[in-house]
Amino acid sequence: MDSGFATPRGTQRLPWVDTAKAVGIVLMFYGHVVQSRAGGDNASAVDQLRLIYAFHMPLFFVLAGLFFHPVAALLPRLRTLAQLRLVPVLFFGLLLLPLWSLSAVKHHFAWWYYAQPLGAAYLRGMPELNWVTWFLVCMVVCEAMALVVLPRLRLVAARLAFAAACIVGGVFLCNHGDALEGWVAQVSRIWFVREAIVALGFYTIGQVLRPFLQQLATHRGIALSVTLACTSALLATYRLNHPHDAQAVMMAAAQHGDALGFAFSALAGTLAVIGLAMLLPATRVAAWIGRNSLPLMGLNGVFFHFFNPKLAESIALADTPLAVTAYAAAISAVSLLACVPLVALLNRFVPQFIGKARPPAAAGTETGPAEGASPAA
């Protein structure tokens, strides 16, 4: 998502990052189509859902972490993050409001009676009108914690230890948070705080990996070896982790299963996609998708909430990998193409609502603000 990545001014864009973001966005569209079919007894859809959800959200947090940079003034940077992340959350929620209203009229109830609960949900950081934008809420909390903690961890070993503690500790908090009492329980449940701790682990790994990945991008033979090894590791392990009360890992629902199994498959899949992105040629299509990942994510909420479930109800689908792949690929392609003119309109007329507007440089910051911001439900 274009606003999950902070690229300092003067920093050259990395083509493989845009390509990796593009792969992640395609997987998001595809995964949400598969998710709409996995609620029944389609075992092939469930298997593909488990594969994609094992790593596609950690991928976005790792990519965001590549562009972490400390700032001298924290509050101006937090204001910038709110503008680049939370304004789009509200915008894409309101954008879907007419569709929710039509659904309410069809079912003969007045939707405005739900305005107060919806408002309360958004105050708690729960984007009920467009759930796909949960990533941006979680990203704000993750980045705020990173700005406070990471500058104090100078050594690579310390940051890796911190990342491991975040993933393991965050998963533990998600798995056992319901047993907590008092203010700790209340705070951990709002604004995706529990999940943001897990996300911070992957974000920190991304920050640590940046110099190594830049070197890897210059050695295609090694990148190919990494891609093949990590793909094999992912395929060998994604079925071994069994999240409780879920068919697949669901970071938005704070369901991960075993912390170590989750982390291993997530990192294997993330590195496989990054390695693949380094091997693929830089194309205008991939660059466009990567740079417009935020509006594509927001617009995906239309398909996630309204079209995918309706299609799943009305179209029978054989329980075979080929049938599921053909169906999900076709729906994903049509959905992405439908978004192209809408993204163009948003970029032209309301860039400030989709994380594209560059605010003035905050006084006292070490670098300029984000170029646009980045992933993923």
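Our structure's up above, just so we're on the same page.
If you're wondering where the values come from, they're calculated on a predicted model, not measured in any experiment.

So, how was this worked out
Residues numbered from 1 in each chain as written. Predicted model: local features only at pLDDT ≥ 70, side-chain atom pairs only at ≥ 80, totals over all residues. Heavy atoms only, no water. Phe/Tyr/Trp six-rings, centres within 6.5 Å; stacked < 30°, edge-to-face > 60°. Helix = DSSP H or I, 4+ residues; strand = E, 2+ residues; numbered from the N terminus. Buried < 20%, exposed > 50% of the residue type's maximum accessible area, 1.4 Å probe, protein only. Contact = heavy atoms within 4.5 Å. Salt bridge = Lys/Arg side-chain N within 4 Å of Asp/Glu carboxyl O.

Once that is clear, we can look at the packing of aromatic side chains. According to the stated counting rule, one finds 11 aromatic pairs in the structure shown. Their ring planes at 50 degrees and their centres at 6.3 Å tell us that Phe29 and Phe303 sit as a pair that is tilted. Of this pair, Phe29 sits in helix 1 (residues 15-37) while Phe303 sits in helix 14 (residues 293-314), and the two are 274 residues apart along the sequence. Each member of the pair, Phe29 as well as Phe303, is classed as buried. When the centroid spacing of 5.2 Å and the interplanar angle of 75 degrees are considered together, the rings of Phe91 and Phe92 count as edge-to-face.

Position of Gln48 relative to the elements: it lies in helix 2 (residues 43-53). Since its relative accessible area comes to 14%, Gln48 is described here as buried. In this structure Gln48 touches Tyr30, Val34, Pro321, Val324 and Thr325, once residues within four positions along its chain are discounted.

With that settled, the discussion passes to the pattern of salt bridges. Opposite charge on two side chains makes pairing possible when the charged atoms of those side chains draw close. In this structure the tally under the stated criterion is 4 salt bridges. With a closest N to O distance of 4.0 Å, Lys21 and Asp18 form a salt bridge. Of this pair, Lys21 and Asp18 both sit in helix 1, 3 residues apart, which is roughly one turn of the helix. Exposure remark for Lys21: the relative accessible area of 2% places this residue in the buried category. Judged by its relative accessible area of 4%, Asp18 is buried. Here Arg291 and Asp18 are joined by a salt bridge, their closest N and O atoms 3.6 Å apart. Remark: Asp18 occurs in helix 1 and Arg291 occurs in helix 13 (residues 284-291); sequence separation between them is 273 residues. For Arg291, a relative accessible area of 41% gives the class partly exposed.

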